[in-house]
Amino acid sequence: MSSADEHNVGAGYRNGGAAMKESIHRGCSPPPSRNDSLQGEVQAFLTDEDQLHTYDDLTKVNPVTPTTVLRCLQARYSVKVFYTHAGCTLVALNPFQPVPDLYSLDVMKEYHCAAQPQEFKPHIFIVAEEAYRNVRGQLEPVNQSLVVSGESGAGKTWTSRCLMNYYATVAASTSVVKSQDTVERIERRVLDSNPIMEAFGNACTLRNNNSSRFGKYIQLQLDRCQLLVGASVQTYLLEKTRVACQPASERNFHIFYQMMKGGTDDQRKEWMMSRDQRFVWLPNCEKAIEEDCFVETVDAMVHLGIDEEKQQQIFRTLAGILHLGNVGFSSSTDESQPCGLDEKSKDFLQSSAELLRVSSEELQTCLRVRTLKAGKQSVLKPCSQAECSVRRDCLAKVIYAQIFEWLVAFINNSICAEQATWSNFIGVLDVYGFECFRINNLEQLCINYANEKLQQHFVAHYLRAQQEEYVSEGLEWSFVKYQDNQSCLDLLEGSPISVFSLLNEESRLNRVSDAKTLKVRLEKELSGNANISWDKFSKVPHFAVAHYAGRVNYQIEGMVEKNKDPVPPELVRLLQESENLLLHQIFTDKEAENPTTKGLSKVTVVSKFKNSLESLMKILHATTPHYTRCIKPNPDCRPMTFKKEEVIMQLEACGIVETIHISAAGFPIRIPFASFVQRYGLIAGHSGSHGVESEADGGGALHTEVEKLAGVALRDLPREKHKTLVHCGRTKVFLTQTMLDLLEDQRRRILSGCAFAIQCCWRRYLCRRRHARRKSATLIQAAVRSWLVRKQVQRWNTAAGLIQGTWRKWKALMKSLAEAELDDAKDLMEEDAPVMSSLVRERGSVQLSTIQEPVTVRGWPMGLALASAPSITVSLTATGFQKMMSVMASINLPSRRGEYKVKTNQCTQELASIRAQPKGSVKLHYQRSPLLYAHRQPGLKSNVTGLNEILLEKTL
């Protein structure tokens, strides 16, 4: 059982378990002959008060007694240390005040990244990390359950919230970018389910401002990479009677107060809830608590995908329930007439009908008149005043219960992952604590029955099963006495006769329930069970059950009716016809899923709760449990206040002392031989397959293999310590946590060495491959570069040959052209002047003087100055582009006192060549000629080079 259950034990124990306390003392106290010596040891242990707070694990306390355990917890609580190990469980003391940085993100990372979290200070994160590592290590059974128990106000809800925050942080962290958005969405939705569940399922009670009025088991779904991919919520027995009946000085569910205090003016107008409005079902409305945060609930609804229209339908329905609570009935003088309603009640009934979107006349009729079936005939019968109130309360309870179930289903649809996407889960169980009030009825009986089942799970899984296994495996073990509650469970659920079977039988009979009749049957059938008793002098029918946490009196009056939980069909039909789409959908689907049944086949509240609890226990038995026991230090929920009487009752009732005894003297870890060899065989140099094969040789060979492994693991420790750390049974190895840590450390070092060797080989291979590739790349690059150079040189050689050939041809051509264009001076003198036609004279000649007829002049090649130019008219014939002005400018003809003047009819000036004609004429050509590059002013330079030199060779 979880710490919560143990705490619950304490609660019931405090409320009437003096006899139980004595019984527990007798069960776990040492023999009388040792009393004196034990008291001396206790006094000796308690002498050093300054060191008591240093005991972070109560198994180190010597001797282990309720007194020594209590004093250690008190010393740790006084120095603000709220977590302490107690063997296989974690004890959590509620500080009743915020503790800075105790649950911060840095603390989460510190415990998550630690090599050995057990070496750190005790914390709820150690339990969470141990479960998470079991999933990662795939230790059978892989699925984990965290059972959080304790009485109301011990801090179970807060502890469960911390566990969910831890897993949403460490199991959702991933570096895969593509899945980061999905992970964050799932994480946020899982955490946002908490405010909604607490708002609709928790209430302020005398013991706790945020008491869970239902049980829930949250499955955090993990994929193969141990990342959070979804979650699901299973709920158990919502205390729906609180909607219509609140115990004295307690409140209704949080959501009603959130609406009253956090709704806007427009919303309150829509809900018909004025500021000064008072509702009967909303007591202690003036009390302000931290949970009255309407905005947080609405934000969580938005994040989970509940749209604004659905929110309006939900809140209008809740407002309709509150108005329905203000409807009062007055008895009628005429039994044939329905009960009367005053004016205020009529107004509230009208408002409730409008909010529920049903007909006010039909609502009034359904509350005051019931329909009886007589064969095929229907008979209307007016209800009494009490019956009208019951039908009104029944309508409110069934509406609220179905709204709550719809929310749970919506949350599951929003956050639950498909079966194919997750492989394992970690479950967090948060249930109501053990309850014992002045008046206890069916709700308290079911709640305490659930705590009995969880306590039995703890007893069966740890206290009894471990000790029995020690004996069967051949360990030398003296049994530690503990309190076994199996007889109480037999009383409540046993077969064939039990409290539940008699209650169901009475509920299924078609007759008016009678408390006295049920009491008589209980006395007759169960008088032989020592766990049930009756106060014969009490006028109120009741029975008392001796629970593991104390004796509780249960009032029989009304128990049968609550077990029937009848819902008049008229009310169901009314809600099915509602114009509120949500109500119409819920009750239409509900009718389709669960058609009306008759007779003995009708499911009662006890049967339904028992079946759901059995399914929960199957899940717990198929998982590895981790227990956290929340302790309530004082009954008034005052910060940093430690009441010894309050704490000692919880410690003794839930079996903490016995747990410490067994944990200190026993071996909490048990591993079959084959699994042990398979996991730790590498320590002795054997592979896992070798250990499994050895199993075929018989248990003796496998036992020898295990002992050899244990000897190798313990070779550095003294021989006398071996038996205190490990014991080889007949089929299993029994280990302490220290031995397990030692084995895991050695295995980790060996695997780390193997991983290092593999990494070295792999890196050497990569280095060699990188070197070979670099060498190959260098060779390829050298070959390619040499080929490119050769190709380039070849192109250069080809181009050079082509240029040289072309140049030689061009040079020879120019030489031949120069020889053709430059005539000998003697030939020029002997030649007569050509006769110029009038057309040539008109188009191509320029006048140099006033001489009427042209005369023959000597023609010179370009680049030579014309010395002593005569005052004659020279006829120059130009062909091609006829750039006359450029030619005259290029040869730089000197002007003689204005005796001649050069004129041309060309529009541009370019370079042209001079051709000497046999008749004395000069023709100008603009073709591709080497003269283009000739010096234009040779007279200005002392030497002549280039083409001018070639030309001068023929003329000078």
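Predicted, not measured: the structure shown is a model, and the values here were computed from it.

J.: Can you walk me through the confidence of the model for the protein in this structure?
T.: Regions with low pLDDT should not have their predicted coordinates read in detail. Averaged over all residues, the pLDDT of the protein equals 78, while 75% of them reach at least 70. When mean pLDDT is compared element by element in the protein, helix H12 (residues 308–325) scores highest at 94, while helix H2 (residues 18–28) scores lowest at 36. In this model, residues 686–698 is a region of pLDDT below 50 whose contacts with residues beyond four sequence positions or in other chains number 14 contacts. In this model residues 892–928 is a low-confidence stretch, pLDDT under 50, and it forms 99 contacts with partners more than four residues away in sequence or in other chains.

J.: Whenever I open this one, the pairing of strand E1 (residues 83–86) confuses me. Can you help?
T.: Both faces of E1 are covered, namely the face carrying Tyr83 and His85 and the face carrying Thr84 and Ala86. Bridging between E1 and strand E2 (residues 89–93) involves four bridges; their strand directions are antiparallel. Paired with Ala86 across the strands is Thr89, a residue of E2. In this structure, the hairpin formed by E1 and E2 is closed by a connection of two residues, where Gly87 is found at a positive phi of approximately 70°.

J.: Is there a simple way to think about the sheet that holds E2 in this case?
T.: Hydrogen bonds along the backbone pair up the strands of a sheet, which may run parallel or antiparallel. Taken together, seven strands build an open sheet; the order of strands is E1-E2-E14-E3-E10-E6-E7 and the sheet is mixed. Each edge of the sheet is formed by a strand with only one pairing partner; in this case those strands are E1 and strand E7 (228–236). When the angles between neighbouring strand axes are averaged without regard to direction, this sheet yields 20°. Of the strands in this sheet, E2, strand E10 (424–430) and strand E14 (624–631) touch helix H16 (residues 442–472), which is tilted by about 125° from E14.

J.: Got a minute to help me understand the nonpolar core in this structure?
T.: Note on soluble globular proteins: their nonpolar side chains tend to be buried together. Core analysis: the largest hydrophobic core is formed by 127 residues, its most contacted members being Tyr167, Phe200, Ile314, Phe315, Leu318, Ile399 and Tyr400. No other element matches the 13 residues that helix H15 (residues 385–415) contributes to this core. Ala417, Phe434, Tyr462 and Leu503 belong to the second-largest nonpolar core, a separate cluster that totals 55 residues.

J.: Whenever I open this one, unusual backbone geometry confuses me. Can you help?
T.: With the exception of glycine, most residues fall at negative phi, and the peptide bonds are largely trans. Following Ser495, the chain continues to Pro496 via a peptide bond in cis, the omega torsion being 5°. Of note, Pro496 is situated in the loop between helix H17 (486–493) and helix H18 (499–508). The phi angle at Lys80 is positive, at roughly 60°, despite the residue not being glycine. Secondary-structure assignment places Lys80 in the loop between helix H4 (66–78) and E1. Residue classification places Lys80 among the exposed residues on the basis of a relative accessible area of 55%.

J.: Sorry, what's going on with the packing of H12 against helix H13 (residues 343–356) here?
T.: The angle between the axes and the distance between the axes are what describe a pair of packed helices. Between H12 and H13, whose axes approach to 8 Å, the crossing angle comes to 160°. With respect to each other, H12 and H13 are oriented roughly antiparallel. The chirality of how H12 crosses H13 is left-handed. When H12 is examined against H13, the residues Arg316, Thr317, Ala319, Gly320, His323 and Leu324 are found in contact with a partner set consisting of Phe348, Leu349, Ser351, Ser352, Glu354, Leu355 and Leu356. Looking at side-chain class alone, the contact of H12 with H13 contains six nonpolar, five polar and two charged residues.

J.: For this particular structure, what's the right way to read the pattern of salt bridges?
T.: Two side chains bearing opposite charge may form a pair once their charged atoms approach each other closely. All chains considered together, the criterion is met by 26 salt bridges. As a salt-bridge pair, Lys453 and Glu493 come within 3.3 Å of each other at their nearest N and O atoms. Of this pair, Lys453 sits in helix H16 while Glu493 is found in helix H17, placing the two residues 40 residues apart along the sequence. Accessibility classification places Lys453 together with Glu493 in one group, the buried group. Where Asp745 meets Arg749, a salt bridge forms, and the shortest distance between an N and an O atom there is 3.3 Å. In this pair, Asp745 and Arg749 both sit in helix H30 (residues 737–821), four residues apart, roughly one turn of the helix. According to the relative accessible area criterion, Asp745 is partly exposed, its value standing at 31%. The exposure class assigned to Arg749 is exposed, which follows from its relative accessible area of 51%.

J.: What should I look at first to understand a nonpolar patch on the surface in this one?
T.: Taken together, the side chains of Ile780, Val784, Trp787 and Leu788 define a hydrophobic patch exposed on the protein surface, amounting to about 390 Å² of accessible area. Here Val784 is to be found in helix H30. Here Val784 falls in the partly exposed class, since its relative accessible area comes to 41%.

Rules used in this analysis
- Residues numbered from 1 in each chain as written.
- Predicted model: local features only at pLDDT ≥ 70, side-chain atom pairs only at ≥ 80, totals over all residues.
- Heavy atoms only, no water.
- pLDDT = per-residue confidence, 0-100.
- Helix = DSSP H or I, 4+ residues; strand = E, 2+ residues; numbered from the N terminus.
- Contact = heavy atoms within 4.5 Å.
- Buried < 20%, exposed > 50% of the residue type's maximum accessible area, 1.4 Å probe, protein only.
- Pairing = 2+ DSSP bridges.
- Axes fitted to C-alpha atoms, helices over the stretch in contact; angles between N-to-C directions.
- Core = buried A, V, L, I, M, F, W, Y, C linked by side-chain atoms within 4.5 Å.
- Parallel < 35°, antiparallel > 145°, perpendicular 65-115°, else oblique.
- Left-handed = near helix turned anticlockwise from the far one by under 90°.
- Nonpolar A, V, L, I, M, F, W, Y, C, P; charged D, E, K, R; others polar.
- Salt bridge = Lys/Arg side-chain N within 4 Å of Asp/Glu carboxyl O.
- Patch = residues over 30% accessible without salt bridge, like charges linked within 9 Å, V, L, I, M, F, W, Y side chains within 5 Å.
- Areas by Shrake-Rupley, 256 points an atom, 1.4 Å probe, with all protein chains shown as cover.

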